[in-house]
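Tertiary structure, described
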Amino acid sequence: MNETEVDGLSIATYESEKINGVDVIVDCDKDEVNDENILGKVFDTTDDAYAFYNDYAFVHGFGIRIHTTYKNKETNEPYRKILVCDKEGFKREDGNTSSGNEKKRRREVRVGCKAMLRISKKKDRKWFVDLFDDTHNHELSITPTKVMKHRSHAKFHRTVECKSLMVQLNQSGLKPSQIKKAINAMKTSNEVDVTSKQCVDVLSEQRKHNRGREFYGLIKHLQDKALVDNDQYYVVDLCSDGRPKNIFWADRRSRDDFTKFGDVVVFDVTYMTNKFKMPFAPFTGVNHHGQSILFGGALLENEKEETFVWLFEHFLKCTFSKYPKAIITDQDKAMGNAIKKVFPNARHRFCAWHIKKHELEHLRPYVSRYSDFQESYKEWAKAFLKDIFLAGMTTSGRSESINSFFDDFVNSSTMLNDFLIQYDKAVSSRRAAEEDEDFKTMNSRPVLSSINPIEAKAGECYTRKVFEIFKKEWIEATSNLTHETLSKSTEEIKYRVGQLDVDKKYWRIVRFCLLNKMHVTCSCAKYETCGILCKHILYVMKKRHVDTLPSHYILPRWTLNARYKVGKRSSGLEEINNENGVSAYTLWCVRLNFNKVIEQAKVSPSEIENVNNILIKLLQEQAIRKKPIPVENVSQGSCVRISQVDMMPQLSVRYPLGPTNTKGRPKIASRIKSSLEVPKKRTCFDRIGSLCY
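Values in this document were obtained by computation on a predicted structure and should not be read as measured data. (Residues numbered from 1 in each chain as written. Predicted model: local features only at pLDDT ≥ 70, side-chain atom pairs only at ≥ 80, totals over all residues. Heavy atoms only, no water.)

Details of the overall build of the protein chain
To keep things clear, this is the line we draw: Secondary structure elements are taken from DSSP: a helix is a run of H or I of four residues or more, a strand is a run of E of two residues or more, and numbering for both begins at the N terminus. Working definition: with a 1.4 Å probe on protein chains only, accessible area under 20% of the residue-type maximum means buried, over 50% means exposed, and in between means partly exposed. Throughout, a residue-residue contact means that at least one pair of heavy atoms, one from each residue, lies within 4.5 Å. Values of accessible area rely on a 1.4 Å probe in the Shrake-Rupley scheme; residue burial ignores everything except the protein chains shown.
Each helix and strand in the protein chain was counted, giving 22 helices and 21 strands. Out of the 693 residues belonging to the protein chain, those deemed buried represent 46%. Taking as baseline every contact in the protein chain between residues at least 6 positions apart, the subset at least 24 positions apart corresponds to 63%. For the protein chain, the exposed area adds up to about 37800 Å²; of that, 51% sits on carbon and sulfur atoms.

Side note on the pairing of strand S8 (residues 116-121)
For a regular strand, the rule is simple: side chains alternate between the two faces of the sheet. This is how it is decided: At least two DSSP bridges between two strands are required for those strands to pair.
Within S8, six of the six residues are buried, leaving the element largely enclosed by the surrounding structure. Burial along S8 is two-sided: Met116, Arg118 and Ser120 facing one way and Leu117, Ile119 and Lys121 facing the other are all buried. Across five bridges, the pairing between strand S7 (residues 78-85) and S8 is antiparallel. Residue pairing in the sheet places Val84 in a bridge with Met116 of S8. Count of turn residues in the S8/strand S9 (residues 127-133) antiparallel hairpin: five residues, of which Arg125 carries a positive phi of about 70°.

Brief notes about the nonpolar core
To keep things clear, this is the line we draw: Put simply, a nonpolar core is a bunch of buried Ala, Val, Leu, Ile, Met, Phe, Trp, Tyr and Cys residues held in one set by side-chain atoms that sit within 4.5 Å of each other.
By size, the foremost hydrophobic cluster in this structure holds 43 residues, and its most contacted members are Tyr462, Phe470 and Met541. When contributions to this core are tallied by element, the ones reaching two or more residues are strand S12 (264-267), strand S16 (326-329), helix H16 (453-461), helix H17 (464-479), strand S19 (492-498), strand S20 (508-513), strand S21 (519-522) and helix H19 (535-543). If we ignore the near neighbours within four places in the chain, the residues touching Phe470 are Ile454, Glu455, Ala458, Tyr462, Ile532, Leu538 and Leu549.

So, the side chain of Glu437
Note on placement: Glu437 falls in helix H15 (residues 416-442). Not counting residues up to four positions away in its chain, the partners in contact with Glu437 are His289, Gln291, Arg464 and Lys465.

Quick look at the state of the cysteines
The test is simple: The criterion for a disulfide is a pair of cysteine sulfur atoms lying within 2.5 Å.
Going through the model one piece at a time under the given rule, you end up with zero disulfides. Between Cys85, a cysteine without a disulfide, and Cys113, which holds the nearest cysteine sulfur, the sulfur-to-sulfur distance is 3.9 Å. Taking relative accessible area as the criterion, Cys85 reaches 0% and is therefore assigned buried.

Here we look at the sheet that holds S21
For clarity, the cut-off: An axis is simply a line fitted to the C-alpha atoms; with a helix, the fit covers only the stretch in contact. Between two such axes, the angle follows the N-to-C directions and lies from 0 to 180 degrees.
Strand order in the open sheet formed by four strands is S18-S19-S20-S21, with antiparallel pairing between adjacent strands. For this open sheet the edge positions go to strand S18 (482-488) and S21, each flanked by a neighbour on one side alone. The sheet shows a mean angle of 20° between the axes of neighbouring strands, direction not considered. Across four bridges, S20 lies against S21 in antiparallel orientation. Considered in S21, the bridge of Arg511 is made with Thr521.

Topic: the confidence of the model for the protein chain
Put simply, the rule reads: The predictor rates its confidence in each residue with pLDDT, a number between 0 and 100.
Put simply, the protein chain has an average pLDDT of 75, and 69% of its residues get 70 or more. Taken together, the stretch residues 664-693 has pLDDT below 50 and engages in 65 contacts with residues farther than four places along the chain or on a different chain.

A look at the pattern of salt bridges
Convention followed: Salt bridges, as used here, are contacts in which a Lys or Arg side-chain nitrogen is within 4 Å of a carboxyl oxygen on Asp or Glu.
According to the stated counting rule, one finds 24 salt bridges in the structure shown. One network of salt bridges, in which partners are shared, links Glu77, Lys121 and Arg125.

Overview of helix H1 (residues 46-60)
Note the cut-off: In this scheme, a helix's expected span is set at 1.5 Å multiplied by one less than its residue total. An arc is given here, and it is the one of the directions from the helix axis to the C-beta atoms.
In this model, H1 (15 residues) spans 21 Å end to end at C-alpha, consistent with the 21 Å of a helix rising 1.5 Å per residue. Taken together, the buried positions of H1 are Thr46, Ala49, Tyr50, Tyr53, Asn54, Tyr56 and Ala57. Considered in projection along H1, the buried side chains sweep an arc of 160° and stay on one side of the axis. Projecting away from the buried face of H1 at angles above 90 degrees are the exposed residues Asp47 and Val59. Tucked into the core, H1 has its buried residues touching strand S5 (42-43), strand S6 (64-71), S7, S8 and S9. Following H1 by one or two positions, Gly61 adopts a phi angle in the positive range, close to 90°.

Let's talk about unusual backbone geometry
Negative phi values dominate among residues other than glycine, just as trans dominates among peptide bonds. Its identity as a non-glycine residue notwithstanding, Arg125 has a phi of 70°, on the positive side. As for its position among the elements, Arg125 is in the loop between S8 and S9. By relative accessible area, Arg125 is classed as partly exposed at 48%. Notably, Ala525 is not glycine yet its phi reads approximately 60°, a positive angle. Position of Ala525 among the secondary structure elements: in the loop between S21 and helix H18 (526-530). Given a relative accessible area of 5%, Ala525 falls into the buried group.

A few points about the packing of helix H8 (residues 305-318) against helix H9 (residues 333-342)
Note the following rule: Here the angle decides the label: under 35 degrees means roughly parallel, over 145 means roughly antiparallel, 65 to 115 means roughly perpendicular, and every other value means oblique. Note on convention: near helix rotated counterclockwise from far helix by under a right angle means a left-handed crossing. Clockwise means right-handed. Three categories are distinguished: nonpolar for Ala, Val, Leu, Ile, Met, Phe, Trp, Tyr, Cys and Pro, charged for Asp, Glu, Lys and Arg, and polar for the others, with Gly belonging to the last.
Where H8 meets H9, the closest approach of the two axes is 8 Å, and the angle between their N-to-C directions is 40°. By the angle between their directions, the pair H8 and H9 is classed as oblique. Our pair here, H8 against H9, has a crossing hand that is right-handed. The segment H8 lies against H9, with Glu305, Phe308, Val309, Phe312, Glu313 and Leu316 engaging Ala334, Met335, Asn337, Ala338, Ile339, Lys341 and Val342. Looking at side-chain class alone, the contact of H8 with H9 contains nine nonpolar, one polar and three charged residues.

Details of the packing of aromatic side chains
Put simply, the test is: In this analysis, rings of Phe, Tyr and Trp, with Trp reduced to its six-membered ring, are considered paired at centre separations within 6.5 Å, and the interplanar angle assigns stacked below 30 degrees, edge-to-face beyond 60, and tilted for intermediate values. Should the NZ of a Lys or the CZ of an Arg lie within 6 Å of a ring centre and within 35 degrees of the ring normal, that charge is described as sitting over the ring.
This model, assessed by the stated rule, comprises 25 aromatic pairs. Look at Tyr53 and Tyr56: their rings are 6.3 Å apart centre to centre, the planes differ by 20°, and that puts the pair in the stacked class. Here the residue Tyr53 and the residue Tyr56 both occupy positions in helix H1, the gap between them amounting to three residues, near one helical turn. No difference in accessibility class separates Tyr53 from Tyr56, as the two residues are buried. Every member of this aromatic cluster is reached through a ring pair, and the members are Tyr233, Phe248, Phe258, Phe267, Phe283, Phe295, Phe308, Phe312, Phe315, Tyr323 and Phe343. Here Lys41 stacks its cationic end above the ring of Phe52, 5.2 Å away from the centre of that ring. Looking at Lys504, its charged tip hangs above the ring of Trp507, at a distance of 5.5 Å from the centre.

Quick look at the environment of Ser428
Using the following cut-off: Polar contact criterion, stated in full: a pair of N or O atoms within 3.5 Å, where within protein one must be able to donate a hydrogen and the other to accept it, and residues adjacent in sequence count only if both atoms are side-chain atoms.
Within the secondary structure, Ser428 is located in helix H15. Given a relative accessible area of 45%, Ser428 falls into the partly exposed group. Of the polar contacts made by the side chain of Ser428, one reaches the backbone oxygen of Asp424; its length is 2.8 Å.

Following this line, the structure appears as structure tokens:
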């Protein structure tokens, strides 16, 4: 190494050779350095060099920043980096200053300081200092408290502890601005505040580290969950080149929820909440408290018919071949065609809000042409919906409220390997809210408005929230209504029921059957659509001196018995048996009990031997009866993995391609705004008992 002086700078000169056509210094002697032992110093990484120079700057009273990084044009690998004093150079002036709307400029901080340190890469891929200048043209910060004001010394964000905390908070769904506030609230007083920019930089570095592993991380998460949840269902569709196309998953709790609350499903794909812009498609329902629940989730390649068919077919397998009675979606043609193919027996209806969205566009000529059209139009849809049980849902607002809820956990930059983690956290939060309502129902008594046994029976059976809906109907039935008898026979009495101050054309027709089993119907069809008796029927029951609320008018889905019970399964829906007479759901329950027996017996050699002897005896008896155990549906109760996923070690898992089109969705927006965010533009209500068309 030779040391020369050029323009007052101490410069170490070394032999060099061409590597990929670039002059790179290849050797130095670590011992031959200047008086401050800096020139020629060797580092393992550029981060080490930065940390060294920053520590040096702290002691000497200045801050630093990265000025330039030189990279090989062919390999894009860095081979030289220059670190400078933070007062190096001068601020660039904006050339467009002719207009009167000049932005307020901040005070100048750069004064053209020449202090710098340059590092270059050696042959052994280590880095060394080959140029150093410690000449400053400004006053240095003397005291440590002043030095800490320089940005490079606000280094708490560079510590392992802080970086780890940032990543964890980001995985919890917090944005950089929120992470900054949380960390600054935790740090000690002598540390400089973390900035949002620093949070962004740390998270970007983390994402670069995980680049190429995102989809593998997603699969790994599903596989890890399957080790503790044998009934988790997931399926992944890969392209031949390893790119993910579609992913669908549902855990044990979601599958069990569907058996009780899957009579109505809302399906929506308006939400894009991950870096690769794969549409997130949740299957949403409503539980016994009227809360939104999730039956499963999917990330899709696109919104084409074949994609929806693939998804619906796996959803059907996941739910033990049980069809939803009704499914609510937006007015998407591809989605509608897929529903006809996979769910031919389900009643498919469009979201009421989407229909109203097009009213002005299509109906304005008719409103101006026919004076009574507006009133007639408001009533037309009800005739087609009175035989459909919708659990109080008429719009995809139920799904949109789920989407809005996920905003607290994920954002548009969420990586695939983090998405499922955040999904699980969001679902856990929902389930915690459900358990809270279970607790409140079990540990409180309803406040009755009367001493009538009908209301008392409802208060005993219904959950807290649902009883409040029933109670509202009951109060109106006992205070505001009257009736007139239209006809009477030995089998049936027909009434017209309504309020005195309301035109009779708006009164409802109630039919009261006089046969052995009480049967009452109302033209408002509230019970048929919501599963809760309307005020008109309750009025007639009270007038007919009915002594209790008939059990066949209490839907199990609205009672506390529908709550989730660990280790227990109850089919809330009518089972569909296969050709062997055994349903997939039944096999699932039997397998669950079998697994419980094994788990309880495995701690004792004698117990496990006893279980084994019982099984051997059972197999012998079955052999005698010559009735082998059907196994066709075994896979439906267990974790499902497509063969492509099992081939992961042989595949190079690559980035998803993302959707080719978004069915009119704005390119910039991550999703369509939910009704909670733009309440003035929505007129639909998302609660039980508030039907609107």
